[in-house]
Amino acid sequence: MNSSFGLGDNITSVQWILVRDTLTSAVVKNLVVVLVWLLLSYINGSVVATFFRHQVFYEDPRYILFIHMVINDAVQLTVTIMLFVLSYVYYRINVSFCCFFILLAVFTTRNTPVNLASMAIERYIAICDPLRHAQVCTVRKTYFLIGLIWLISVVPDITDLFVTLVNEPLSFFHESVFCLRQNIFKDPVLAYKRQAFDGLYFSCVFLTLVYTYLRILFAARAHSTEKTSARRARNTILLHGSQLAMCMLSYISPSVEIILHLIFPGRILEIRFANYLVVYMLPRFLSPIIYGVRDKKFRNHLRKYFVGG
């Protein structure tokens, strides 16, 4: 079984070495991944069901942005799990299908940090400018913002497809390849373009989180009556920062994998699998926890949904 997972963006040449798992190891790894996906799907499904069962949530911009991120992360996780399993079962898949899966994974991955920045700004307005919050953060504007998030996430990477359509013959899309982004979008210029956009995206989101956190911190010190709400907002933004850090792991994980391979030679299969769990699966636990568990209003409705149902 091939262990080179068909998920990556920044896969280095070291990771292209064909290393095979034993049958037992391959079965165990796929079983673990699928079981974790089922658990997360159950959690996310419960959160989404709770959201749509109570009108109080889908009339609140804060929770609309939250549920958008939960659904987005669920799609992203499902796509990466599917590519993981396919890399073991079929090894090579049709270029057209691979192209669709890769682009969907890229779009949903880019959505997460931009959505985090949007949620941080909403909390900043709620704490620092509460009188204008109802006017600025309306349901209609929130849906418009979600559309803008998708536009920002899709436009930079859809150009990869157009460049490939121009450079590659039509027959290329009927071939079968191991589903890596480099095997589909081969132009070297595209790799530099992705690095530039990655740096721009994460720099903007990082600065947004730092700015909103500091402004909420200063607001809490200035208005003692708002300290509890401000503290909760700061903690939420800190969790958003943790999510952002985990999102960034996908861009440095190839280098980390190389270093670990040098430290632990002969353990490349275990390193790759652990890297996959930490980078692609662990961050997906945070989204439902932030609001589904920490947020009192959502937690109460979620509990009623389980107990009453």
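All residue numbers refer to positions counted from 1 along the written sequence of the respective chain. Whole-chain, interface and lining totals are the exception, using all residues; otherwise, since this is a predicted model, local features are given only for residues with pLDDT of at least 70 and side-chain atom pairs are given and counted only at 80 or more. As a rule here, side-chain values come from all non-hydrogen atoms in the structure, and water together with hydrogens is ignored.

Here a helix means four or more residues in a row that DSSP labels H or I, a strand means two or more in a row labelled E, and each is numbered from the N terminus. Helix and strand counts for the protein chain stand at 11 helices and two strands. Counting the 309 residues in the protein chain, one finds 48% classified as buried. Contacts in the protein chain between residues far apart in sequence, at least 24 positions, make up 80% of those at least 6 positions apart. Method for areas: the Shrake-Rupley scheme with a 1.4 Å probe, in which residue coverage is limited to the protein chains shown. Counting only carbon and sulfur atoms, one obtains 69% of the accessible surface of the protein chain, whose full area is about 15,500 Å². Here's how the labels work: a residue is buried when its accessible area is under 20% of the maximum for its type, exposed when over 50%, partly exposed in between, all with a 1.4 Å probe on protein chains only. Contacts are assigned to residue pairs with any non-hydrogen atoms lying within 4.5 Å of each other.

Bringing the state of the cysteines into the picture now. In this description, a disulfide is simply a cysteine sulfur pair whose atoms lie within 2.5 Å. Evaluated as defined, the whole model comprises one disulfide. In this model Cys-98 forms its disulfide with Cys-179; the gap between the sulfur atoms is 2.1 Å. The sign of the S-S torsion, about 100 degrees, decides the handedness of the disulfide formed by Cys-98 and Cys-179: right-handed. Taken as a pair, Cys-98 in helix α3 (residues 95-128) and Cys-179 in the loop between β2 (176-178) and α6 (181-184) lie far apart in primary sequence, 81 residues in all. You can call Cys-98 buried: its relative accessible area is 0%. With relative accessibility at 6%, the residue Cys-179 sits in the buried group. Cysteine Cys-99 remains unbridged, with the sulfur of Cys-98 as its closest cysteine sulfur at 7.3 Å. Residue Cys-99 is classed as buried on the basis of its relative accessible area, which comes to 5%.

Together, Phe-52, Tyr-58, Ile-71, Val-75 and Tyr-143 give the surface a local cluster of nonpolar side chains, amounting to about 440 Å² of exposed area. Note that Tyr-143 resides in helix α5 (residues 139-167). Only residues above 30% relative accessible area that lack a salt bridge enter a patch, with like-charged residues linked at up to 9 Å and the nonpolar side chains Val, Leu, Ile, Met, Phe, Trp and Tyr linked at up to 5 Å. Only one rule defines a salt bridge in this text: a Lys or Arg side-chain nitrogen within 4 Å of an Asp or Glu carboxyl oxygen.

Right, let's get into the pattern of salt bridges. Per the counting criterion, the structure on display carries seven salt bridges. Arg-181 serves as the salt-bridge partner of Asp-157, at 2.7 Å between the closest nitrogen and oxygen. Of this pair, Asp-157 sits in helix α5 while Arg-181 sits in helix α6; the two residues are 24 residues apart in sequence, bridging distant segments of the chain. Neither residue differs from the other here; Asp-157 and Arg-181 are each classed as buried. Several salt bridges converge on common partners, so that one network encompasses Arg-110, Asp-157, Asp-160, Arg-181, Lys-193 and Arg-194.

Where α3 meets α5, the axes come as close as 9 Å, and the angle between the chain directions of the two elements is 140 degrees. The orientation of α3 relative to α5 falls into the category oblique. The interaxial crossing formed by α3 with α5 has right-handed handedness. Touching Cys-99, Leu-103, Val-106, Phe-107, Thr-108, Arg-110, Asn-111, Val-114, Asn-115 and Ser-118 of α3 are Leu-145, Ile-149, Trp-150, Ser-153, Val-154, Asp-157, Ile-158 and Leu-161, all from α5. To get an axis, fit a line to the C-alpha atoms, keeping to the stretch in contact for a helix; angles then go from 0 to 180 degrees between the N-to-C directions. Should an angle fall under 35 degrees it is taken as roughly parallel, and over 145 as roughly antiparallel, whereas 65 to 115 is taken as roughly perpendicular and any remaining angle as oblique. Throughout, a crossing is termed right-handed when the near helix is turned clockwise from the far one, and left-handed when it is turned anticlockwise from it by less than a right angle.

Pairing of aromatic rings covers Phe, Tyr and Trp, the last through its six-membered ring, and needs centres within 6.5 Å; plane angles under 30 degrees mean stacked, over 60 mean edge-to-face, and all others mean tilted. Counted according to the given criterion, the structure contains nine aromatic pairs. Taking the centre distance of 6.3 Å and the plane angle of 50 degrees together, the rings of Phe-84 and Phe-273 count as tilted. Placement of the pair is Phe-84 in helix α2 (residues 61-89) and Phe-273 in helix α9 (residues 268-281), with a sequence separation of 189 residues. A residue is classified by how much of its surface remains accessible, and Phe-84, at 0% relative accessible area, is buried. Judged by centre distance (5.5 Å) and plane angle (75 degrees), the rings of Phe-172 and Phe-173 are edge-to-face. The same class applies to Phe-172 and to Phe-173, which are both buried. Site record: aromatic cluster; members linked through ring pairs are Phe-51, Phe-52 and Tyr-58. In our convention, an over-ring charge means Lys NZ or Arg CZ found within 6 Å of a ring centre and within 35 degrees of that ring's normal. Across from the ring centre of Tyr-201, 4.7 Å away, lies the NZ or CZ of Arg-110, which sits over that ring.

This part is about the nonpolar core. The biggest cluster of nonpolar side chains holds 27 residues, and the ones touching the most others in it are Phe-51, Phe-66, Ile-67 and Phe-298. Of all the secondary-structure elements, those providing two or more residues to this core are α1 (23-53), α2, α3, α7 (188-222), α8 (227-263) and α11 (296-308). Dropping the residues within four chain positions of it, Phe-51 is found in contact with Phe-57, Tyr-58, Tyr-63, Ile-64, Ile-67 and Phe-298. Residues Leu-86, Ile-93, Leu-103 and Val-106 belong to the second largest nonpolar core, which totals 21 residues. By nonpolar core we mean a set of buried residues, namely Ala, Val, Leu, Ile, Met, Phe, Trp, Tyr and Cys, connected to one another through side-chain atoms within 4.5 Å.

With that out of the way, let us pick up the packing of α2 against α3. Direction vectors running N to C along α2 and α3 enclose 155 degrees, while the axes themselves pass 9 Å from each other. Judged by the inter-axis angle, α2 sits roughly antiparallel to α3. Handedness of the crossing formed by α2 with α3: left-handed. Grouping the constituent residues of the contact of α2 with α3 by class yields 14 nonpolar, nine polar and four charged. Classification convention: Asp, Glu, Lys, Arg as charged; Ala, Val, Leu, Ile, Met, Phe, Trp, Tyr, Cys, Pro as nonpolar; all other residues, Gly among them, as polar.

Coordinates in, geometry out; function isn't part of it.
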